[in-house]
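If you want the building blocks of each chain, they are given just below.
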Amino acid sequence: MPVIGVLFGGSATTQRFRLSAIQKGLNAAGFVEGQNVAFEYRWAEGQYDRLPKLAAELAGRRVAVIVAIGNTAALAAKAAITSIPVVFETGIDPVEYGLVASLARPGGNFTGVTFLGANLLAKQFELLHETVPRAAAIGFLENPTNSNAEAIRKVAQAAADALGQKLVIAEAILESDLDAAFTMLVRQRVEALLIRSDILFNDRPQQLANLAMRHALPAIHPLREFAMAGGLMSYGASLTDALREVGVYAGRILKGEKPADLPVQQSAKVELVINLKTAKALGVMVPLPLLGRADEVIE
């Protein structure tokens, strides 16, 4: 029975929806865990500096294919794995960061799915500004250990500058940092918040929605799960769709296809979800034109 190595930056307790999406993709390719494929997991538990060692461990196990989820996991796999096929899911540009030679012709042993999250950041700032136009200071929740943290900060600062807003950056590396990050933002009199895409944040939509409500902060996050959990709004690609494609690619490689011949998929579907119930609780009047553009309005 072939074995798929799975490299995650997060923890097993927060990854169920990710694993489910990957497994659905594998099922579509004809593989079912426990029947004709097995998994071997490596979890970094939010400590990204562990990922290089964990990637090397999987390489040593000689699994049939490795799935690397997240920016830092993908880069750790690239540094440690030279021959085993790797399927990644990432929000960075895989060509710019050296994961593949090109999107159409990856070359080598890497391919996967990207949703180019940085490209959507300016639009997320614009949506937040449209919703809370009087906000003079915007918070930006960041994990400084993410591999593209510095580049994302520059994009965020440029977006805030273009809107004439002060940018206040709050950092969180571990779950235990989140309360202090929100407290700092409130002390800095931040009036709205943008939460970037990062495994630490993506895996905790309910916790972040609760914190935003507790501190009366209108907030936007790239994943719809945030708005569904009670956050004000979300705008971004479907992570579930991206992970399902990762599973499909892993299945195709198990059937004999080569990563070099599988073009990197780009998540084209972008959706805006607005939680009107949360808006009312926060006293936010969402403009009617914005409600009209939303893919889903939660009432």
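Structure: above.
Below is a summary of the structure that appears in this document. This is a predicted model, so every value here is computed, not measured. (Residues numbered from 1 in each chain as written. Predicted model: local features only at pLDDT ≥ 70, side-chain atom pairs only at ≥ 80, totals over all residues. Heavy atoms only, no water.)

## Observations regarding the overall build of the protein
So, point 1. Counting its regular elements, the protein contains twelve helices and 13 strands.
So, point 2. Its C-alpha radius of gyration of 19 Å places the protein within 12% of the 19 Å reference for a compact globule of 299 residues.
So, point 3. By residue count, 54% of the 299 residues in the protein fall in the buried class.
So, point 4. Taking contacts inside the protein between residues at least 6 apart in sequence as the whole, the part at least 24 apart equals 70%.
So, point 5. Only carbon and sulfur atoms are counted for the fraction: they give 51% of the accessible area of the protein, which is about 12,600 Å². (Helix = DSSP H or I, 4+ residues; strand = E, 2+ residues; numbered from the N terminus. Rg over C-alpha atoms; globule rule 2.2 N^0.38 Å. Buried < 20%, exposed > 50% of the residue type's maximum accessible area, 1.4 Å probe, protein only. Contact = heavy atoms within 4.5 Å. Areas by Shrake-Rupley, 256 points an atom, 1.4 Å probe, with all protein chains shown as cover.)

## Notes on the side chain of Thr114
So, point 1. Relative to the elements of secondary structure, Thr114 occurs in strand S5 (residues 110-114).
So, point 2. A polar contact of 3.0 Å, which involves the side chain of Thr114, links it to the backbone oxygen of Ile92. (Polar contact = N/O pair within 3.5 Å; in protein donor to acceptor, adjacent residues only side chain to side chain.)

## Digging into the environment of Phe110
So, point 1. Residue placement: Phe110 occurs in strand S5.
So, point 2. With a relative accessible area of 0%, Phe110 lands in the buried category.
So, point 3. Sequence separation of Phe110 and Pro259 is 149 residues, and the distance between their C-alpha atoms is 5.6 Å.
So, point 4. Discounting residues that sit within four places of it in the chain, Phe110 has contacts with Ala74, Ala77, Lys78, Ile81, Val86, Phe88, Leu99, Val100 and Pro259.

## Quick look at the sheet that holds strand S10 (residues 233-237)
So, point 1. Ordered by their spatial adjacency, seven strands build an open sheet running S7-S6-S8-S9-S10-S12-S13, and the pairing between neighbours is mixed. A strand with exactly one partner marks an edge of an open sheet, and here the two such strands are strand S7 (166-171) and strand S13 (296-298). Averaged over all pairs of adjacent strands, the angle between strand axes in this sheet comes to 20°, irrespective of strand direction.
So, point 2. Taken together, the two bridges between strand S8 (residues 192-195) and strand S9 (residues 219-221) define a ladder with parallel strand orientation. Paired with Leu193 across the bridge in S9 is Ala219.
So, point 3. Sheet contacts for helix H6 (residues 178-187): strand S6 (137-142), S7 and S8; angle to S7, the most-contacted strand, approximately 160°. (Pairing = 2+ DSSP bridges. Axes fitted to C-alpha atoms, helices over the stretch in contact; angles between N-to-C directions.)

## A look at helix H8 (residues 205-214)
So, point 1. Three or more residues of H8 are buried, namely Pro205, Leu208, Ala209, Leu211 and Ala212. The arc enclosing the buried residues of H8, seen along the axis, measures out at 165°, which places them on a common side.
So, point 2. Packing partners of the buried residues in H8 comprise S6, H6, S8, helix H7 (199-202), S9 and helix H9 (224-228).
So, point 3. A positive phi of about 55° marks Ala216, the residue just after H8. (Arc of directions from axis to C-beta.)

## A few points about helix H1 (residues 16-28)
So, point 1. With 13 residues, H1 should reach 18 Å at 1.5 Å per residue; the first-to-last C-alpha distance of 18 Å fits that figure.
So, point 2. Taken together, the buried positions of H1 are Arg18, Leu19, Ala21, Ile22, Gly25 and Leu26. Taken down its axis, H1 places every buried residue within 160° of arc, on the same side. Within H1, the exposed residues directed more than 90 degrees away from the buried face are Arg16 and Ala28.
So, point 3. Buried residues in H1 make contact with strand S1 (3-8), strand S2 (38-43), strand S3 (65-69), strand S4 (86-90), H7 and helix H10 (239-254). (Expected span 1.5 Å × (residues − 1).)

## A closer look at the sheet that holds S4
So, point 1. Read from one edge of the open sheet, six strands run S2-S1-S3-S4-S5-S11, paired in parallel fashion. Edge positions in the sheet fall to S2 and strand S11 (265-266), since each has one partner strand and no second.
So, point 2. Relative to S11, S5 runs parallel, the two sharing two bridges. Bridging from a neighbouring strand, Val113 pairs with Gln265 of S11.
So, point 3. Docked against the sheet, H1 engages S1, S2, S3 and S4, running at close to 150° with respect to S2.

## Comments concerning the pattern of salt bridges
So, point 1. Applying the stated criterion across every chain yields a total of 15 salt bridges.
So, point 2. Residues Arg18 and Asp203 are paired through a salt bridge, measuring 2.9 Å at the closest nitrogen-oxygen approach. Taken together, the residues span a long stretch of sequence, with Arg18 in helix H1 and Asp203 in the loop between H7 and H8 at a distance of 185 residues. With respect to class, Arg18 is no different from Asp203; both count as buried.
So, point 3. Residues joined in a network through salt bridges with shared partners are Glu40, Arg42, Glu57 and Arg61. (Salt bridge = Lys/Arg side-chain N within 4 Å of Asp/Glu carboxyl O.)

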